[in-house]
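These are the residues of each chain, in order.
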Amino acid sequence: MTQTRARRLRSLTGASLAVVAGLSLAAPALAQETPEAAPQAQTAGEVANGTLPNGEIIVTAQFRSQRLQDTPLAITAVDAAAIQNRSLGTVVDVAAAAPNVNIRPGGSAFGPAAQVYIRGIGQYDSSFAFEPGVGMYVDDVFHGTLLGSIFDLLDLDRVEILRGPQGTLAGKNSIGGAVKLYSAKPTGSGHGYVEAGYGAFNRIELKGSADFALVPDSLFVRVSGVSKTRDGYLTRLDYGCLNPSSGVPAATTGADCKLGTEGGQNMQAGRVALRWLASDKLEVNLVGMATEDHSEIGASKLLSLTTTASMPAGTDPSQFITGAHSYTNYATYLNLPFTDATGSHGATYIPPVSKVSGREVYGTIDYKFGPGLALKLISAYQRYKGSYGSDLDLTPYSTNSANYIYDHEQFTQEARLSGSSLADKLEWTVGGFYYKATSRFGGVTFIAPGTATQNFYVTRDRIPARSVSGFAHAAYKLTDALTLTGGIRYTDDKKTYTYGRLNPYDVSQPAYTVAGAINGVTGKFAATRWDYRANIDYRWSRNVMTYAQFSTGYKGGGVNPRPFAAEQAVAFNPETLTAWEVGAKTDFLDRAVRLNLSLFLNKYKDIVFTNVSPTANSVTNATPVNAGDATMKGVEAELTLRPIAGLSIDASGSWLGFQLTRIGATGATIRGITLDNRAPYAPEWKFGGGVQYAFALGQAGTLTPRFDINYQSSFFSNIDNNPLGKVDGYALANARIMFEDAAHDWQLAISVTNMFNKFYYLNKIRYPIGIVVGQPALPREWKISLRRNF
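These figures come from a predicted structure and were not determined experimentally.

### A closer look at the overall build of the chain
Logical step 1: Across its full length, the chain holds four helices and 49 strands.
Logical step 2: Whereas a compact globule of 790 residues would reach a radius of gyration of roughly 28 Å, the chain reaches 27 Å, a difference of no more than 12%.
Logical step 3: The proportion of buried residues among the 790 residues of the chain is 56%.
Logical step 4: If you take every contact in the chain between residues at least 6 apart in sequence, the share linking residues at least 24 apart comes to 68%.
Logical step 5: Total accessible area on the chain is roughly 30500 Å²; 59% of this is exposed by carbon and sulfur atoms.
Logical step 6: Distance between charge centroids for the chain: 3 Å, based on 71 positive and 65 negative side chains.

Right, dumping it as C-alpha cells:
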C-alpha cells in the first residue's frame with residue numbers, strides 16, 4: 001500500500017470512529033434517554049407481529065428474524081418500496097445501493113451471467129468449472145452457478161446483501177458475501193396489482209401479482225409474472241457494405257448496411273407460490289418458477305485488435321474499431337468459408353442471441369415442536385439450459401467465434417433445527433446442507449480457421465459436482481446488552497470435469513486440431529474445509545449497537561475449463577479468507593437519523609487469477625492458477641435521514657484497499673503481475689445517494705419526485721492491470737417522479753436512468769489471442785408506467 005493510501009485509511013478510520021464515539025455520547029441528549037444500556041430496540045413479539053415502525057426491515061441473516069439494526073453484520077437491505085422508488089429492475093441494479101458491491105452483467109463471451117463482487121471478492125467467469133465467490137440465494141435456495149443468475153426483481157419482499165465471508169451462515173462459496181432475494185409470501189389478502197410500462201428503445205414492460213385465499217385462514221396462493229422487451233441499443237454495421245472498395249466481403253446488400261443490433265431484451269417469467277398453514281405448528285410453502293429469456297447477445301465494442309489471423313495479408317485490424325463513443329461494431333457472426341488439410345468447408349452462421357430456459361420448484365416446511373424448538377426443511381430442484389453466440393473479434397473475418405450450449409441441473413436440501421433455552425438467553429441452530437449438480441457445456445468454437453494456428457472443435461463437457469456440509473450457530477445473551485455469537489461449518493466438496501473435443505464435421509471422432517489431444521481427459525477436484533465465526537455485540541443504548549467479529553471463508557476450487565493443450569488441463573485449489581471486522585449501528589432523533597459503519601481487514605490466500613502466458617504446446621492459454629496472497633481492508637458507511645415527514649435521504653460510501661503480499665511460483669508466470677497491482681473488479685471508491693419527498697396534494701393524492709446519483713471509481717478486469725482492461729470510473733444520475741391517488745389505487749410514474757447520457761463501460765475483457773472488447777452500458781433511457789392496485 002502506498003503512503004497516500006495508508007494516510008487515507010487512517011483518516012477514514014479515525015473519522016469513522018470519531019463519528020460513532022460522538023454519536024454514542026450524544027445519544028442520551030438527542031433521544032432524551034437515560035445513558036443506561038438498554039435491551040434490543042424492539043421485542044421479539046413486535047418483530048414477529050410486524051408492528052415495527054415505518055421504514056424498518058426484518059432480516060434473517062442469522063437464521064432468525066431480526067431487525068436490521070439488531071443484526072451484528074454488515075448488511076444492506078432493500079425492501080419492495082425502495083426497489084420500486086429507485087427503478088431497480090434486476091439484481092445487477094441493486095449494487096448501486098450497497099457499499100463495496102460491484103455487480104456486472106457478463107459480456108458476450110460469458111453469456112447470461114452476473115459477475116458479482118463484494119469487498120473485491122467474487123467471480124467473473126461464468127464457466128461451470130468455477131464456484132461463485134458470492135452466494136446467490138432466492139428464498140434461501142442456493143443457486144450454484146453464475147449462468148442464469150441475473151435475477152429479475154419480481155414481486156419481492158426484500159433483498160439482503162451480506163458483506164464479508166458468510167461461511168457459517170449462508171455457507172457454500174460465500175467467501176465474499178451473499179446476495180439473498182426474498183419473494184413476497186402469500187397471505188390470502190385478496191390484493192394484487194397490474195403494471196404496464198413503455199420507454200426508450202421500444203421498451204415494453206408488463207408485470208403483475210395477485211394474492212388470494214383458496215381456504216380461508218389456511219391455504220393461500222400468490223401468482224406473479226413479468227414480461228420485458230426492448231430493442232437493442234448497439235447497431236451491428238456491415239463494414240464491407242459501407243466500404244465497398246476495401247476488399248472486405250459484404251454480408252448484406254441492404255441500403256442502410258445494418259446487420260442487426262445487440263443488447264435487446266425479450267424475457268418472460270412467472271411464479272406461483274402456495275402457502276399452507278396446516279396448524280399452529282406446521283407451515284408449508286411451495287413455489288414453482290419458470291423463466292424464458294430469448295434476448296440478444298450483450299452489446300460489445302472492439303477496443304483493441306493485434307492479431308490478423310484469418311485476415312488477408314496487409315490488413316490493418318484497427319480499421320474495425322468504431323468511434324470511441326458510438327454504439328456500433330462490425331460483428332457479422334459469420335464464419336467465412338475456408339480450406340485446410342482436410343478439405344474445403346462452407347460458411348457458418350452463429351445466431352447473436354442469448355437464451356435461458358429455466359424451471360425451478362422448491363419448498364419449505366416449518367414445524368414448531370413446542371416453545372423454543374423448531375425445524376425448517378428447504379428442498380429445491382433447479383434446471384436451466386440455454387445457448388449464446390459470440391463473435392469475439394467483432395470483425396467481418398473469422399478470427400474467433402463460438403456458439404455455446406449449456407445445461408445445468410441441481411438438487412439441494414437443507415435442514416435447520418433451531419431452539420432457545422436457558423430462559424431464552426441462548427438461541428441456537430444446527431443443520432446440514434446437501435448439493436448435487438450435473439452441468440453440461442457444449443457448442444462449437446472457431447479460432448483462426450484455415451490458418452497455420454487454427455483450432456476449432458465441438459465441445460461436449462460434463463461437470464458433475466457434489467457438496468455436503470454441516471453447521472452450528474449459537475448466540476448467548478450474557479446480559480440484556482451483551483451478546484456472544486459463534487458458528488462453525490464443515491464442508492466436503494467434489495467436482496469432476498471431463499472434456500469432449502470433437503471433430504465438427506464428424507463428431508464421432510476427436511478434433512483434428514490441437515484440441516483433439518484433450519478429448520476424453522478428466523480432471524478432478526476435492527477438498528474439505530472448516531469455517532468459523534466469533535462475534536460480540538454490545539448495545540450501549542436504544543440508539544447504539546457496536547460489534548466485533550472474526551470469521552473465515554472458503555471458495556471451492558475446480559478444473560481449468562478452457563485448456564488449449566493437454567498440459568493446461570489442470571486443477572486449481574480453493575481460495576480461503578480470514579476476516580476481522582468492527583462495526584456500529586446507530587439511530588438518533590427518534591430514528592430520523594440512521595448511520596451504520598463497518599471497518600474490515602481480510603487476509604486472502606491462494607487467490608485464483610487467469611494465466612495467459614504461453615505453455616509448452618500452445619501460445620494460447622487461459623489457465624486459472626492459485627497466484628498468491630493479499631491483504632484487503634476497507635471502510636463502509638450507510639446513512640439514512642428522515643428529517644421531516646415525507647422527506648427521505650439515503651447515502652452510502654466505501655473505500656477498499658488491496659495489496660498483494662505474496663506471488664507464488666505459478667502466479668509469477670502471469671505476465672505483468674507485481675505486488676503493486678490492483679485486484680480485478682475492485683473499485684477503490686464508491687459513493688451513492690438519493691433524495692425523495694412526498695408532496696401532499698390534498699384529496700388528489702401524493703406527488704413524489706426522487707433523484708439518485710452514484711459514483712464508482714475505476715477498476716481493472718485482469719490482475720496484470722493492463723491499461724486496455726481498465727474500466728474508467730463514472731458517475732450516474734437517475735430520476736423518477738410518481739403520482740399516487742389518495743386511495744392508493746393508481747400510480748403513474750416517469751423515470752429516467754443515466755439522465756446525462758453518460759457513455760461508460762460495464763466491463764472490458766482481454767482475450768488471450770490479442771482481442772480486447774468492452775461492454776458499453778445503456779445510454780439514457782426513459783420510461784412511463786401505470787400501476788393499478790386492487
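Having put the structure on the table, let's press on.
### Considerations on the sheet that holds strand 10 (residues 177–183)
Logical step 1: Judged by pairing direction, the sheet is mixed, and its five strands sit side by side in the order 3-9-10-7-8 without closing on themselves. Because the sheet does not close on itself, it has two edges, and the strands there are strand 3 (74–79) and strand 8 (141–143). Sheet twist, expressed as the average angle between the axes of neighbouring strands with direction ignored, equals 20°.
Logical step 2: Where strand 7 (residues 134–138) and strand 8 come together, three bridges link them in antiparallel fashion. Across the sheet, the residue bridging to Tyr 137 is Phe 142, located in strand 8.

### Here's the deal with the pattern of salt bridges
Logical step 1: Under the counting rule described, the total for this entry stands at 44 salt bridges.
Logical step 2: Two residues, Arg 158 and Glu 160, come together in a salt bridge whose shortest N-O distance is 2.7 Å.
Logical step 3: We classify Arg 158 as buried; its relative accessible area is 9%.
Logical step 4: On the basis of relative accessibility, which here comes to 0%, the residue Glu 160 falls in the buried class.
Logical step 5: For Glu 781, the salt bridge goes to Arg 203, with nearest N and O atoms at 3.7 Å. Of this pair, Glu 781 sits in strand 49 (residues 781–789) while Arg 203 sits in strand 12 (residues 203–215), and the two are 578 residues apart along the sequence.

### Considerations on the sheet that holds strand 5 (residues 114–118)
Logical step 1: If you trace the three strands from one edge of the open sheet to the other, you get 4-5-6, paired in antiparallel fashion. The sheet is open, and its two edges are formed by strand 4 (101–105) and strand 6 (121–123), each paired on a single side. Here the average twist between neighbouring strands, direction ignored, is 10°.
Logical step 2: Judged from the five bridges that link them, strand 4 and strand 5 form a sheet pairing that is antiparallel.

### Observations concerning the nonpolar core
Logical step 1: Counting residues in hydrophobic clusters, the biggest one holds 54 residues, and the most contacted among them are Phe 320 and Tyr 406.
Logical step 2: When residues of this core are traced back to their parent elements, those giving at least two are strand 14 (234–237), strand 18 (301–305), strand 25 (373–391), strand 26 (400–421), strand 47 (761–767) and strand 48 (771–776).
Logical step 3: In this structure, Phe 320 is in contact with Tyr 239, Val 248, Leu 302, Met 311, Thr 315, Tyr 330, Leu 394, Thr 395, Pro 396 and Tyr 397, ignoring residues within four places of it in sequence.
Logical step 4: Residues Ala 98, Val 141, Val 159 and Ala 273 belong to the second largest nonpolar core, which totals 31 residues.

### A look at the environment of Lys 368
Logical step 1: Structurally, the position occupied by Lys 368 is in strand 24 (residues 353–370).
Logical step 2: Setting aside residues up to four positions removed in sequence, Lys 368 forms contacts with Asp 280, Lys 281, Leu 373 and Ala 374.

### Some words on the confidence of the model for the chain
Logical step 1: This prediction gives the chain a mean pLDDT of 91; 93% of its residues lie at or above 70.
Logical step 2: pLDDT under 50 marks residues 1–51. Its contacts with residues more than four places away, or in other chains, come to 76 contacts.

### Let's talk about the environment of Leu 206
Logical step 1: Looking at the element boundaries, Leu 206 is found in strand 12.
Logical step 2: Taking the C-alpha atoms as reference points, Leu 206 and Glu 195, separated by eleven residues in sequence, lie 5.8 Å from one another.
Logical step 3: Once residues lying within four places of it in the same chain are set aside, the contact partners of Leu 206 are Glu 195, Ala 196, Gly 225, Val 226 and Ser 227.

### Describing the side chain of Lys 585
Logical step 1: Here Lys 585 lies in strand 36 (residues 575–588).
Logical step 2: No salt bridge is formed by the buried Lys 585. Its closest oppositely charged neighbour is Glu 638, at 7.1 Å.
Logical step 3: A distance of 3.0 Å separates a polar side-chain atom of Lys 585 from the backbone oxygen of Leu 68.
Logical step 4: Each residue touching Lys 585, except ones within four places of it in the same chain, is listed here: Leu 68, Gln 69, Thr 71, Leu 73, Asn 543, Val 544, Met 545, Leu 595 and Asn 596.

About the thresholds
Residues numbered from 1 in each chain as written. Predicted model: local features only at pLDDT ≥ 70, side-chain atom pairs only at ≥ 80, totals over all residues. Heavy atoms only, no water. Helix = DSSP H or I, 4+ residues; strand = E, 2+ residues; numbered from the N terminus. Rg over C-alpha atoms; globule rule 2.2 N^0.38 Å. Buried < 20%, exposed > 50% of the residue type's maximum accessible area, 1.4 Å probe, protein only. Contact = heavy atoms within 4.5 Å. Areas by Shrake-Rupley, 256 points an atom, 1.4 Å probe, with all protein chains shown as cover. Lys, Arg positive; Asp, Glu negative; His and termini not counted. Charge placed at Lys NZ, Arg CZ, Asp CG, Glu CD. Pairing = 2+ DSSP bridges. Axes fitted to C-alpha atoms, helices over the stretch in contact; angles between N-to-C directions. Salt bridge = Lys/Arg side-chain N within 4 Å of Asp/Glu carboxyl O. Core = buried A, V, L, I, M, F, W, Y, C linked by side-chain atoms within 4.5 Å. pLDDT = per-residue confidence, 0-100. Polar contact = N/O pair within 3.5 Å; in protein donor to acceptor, adjacent residues only side chain to side chain.

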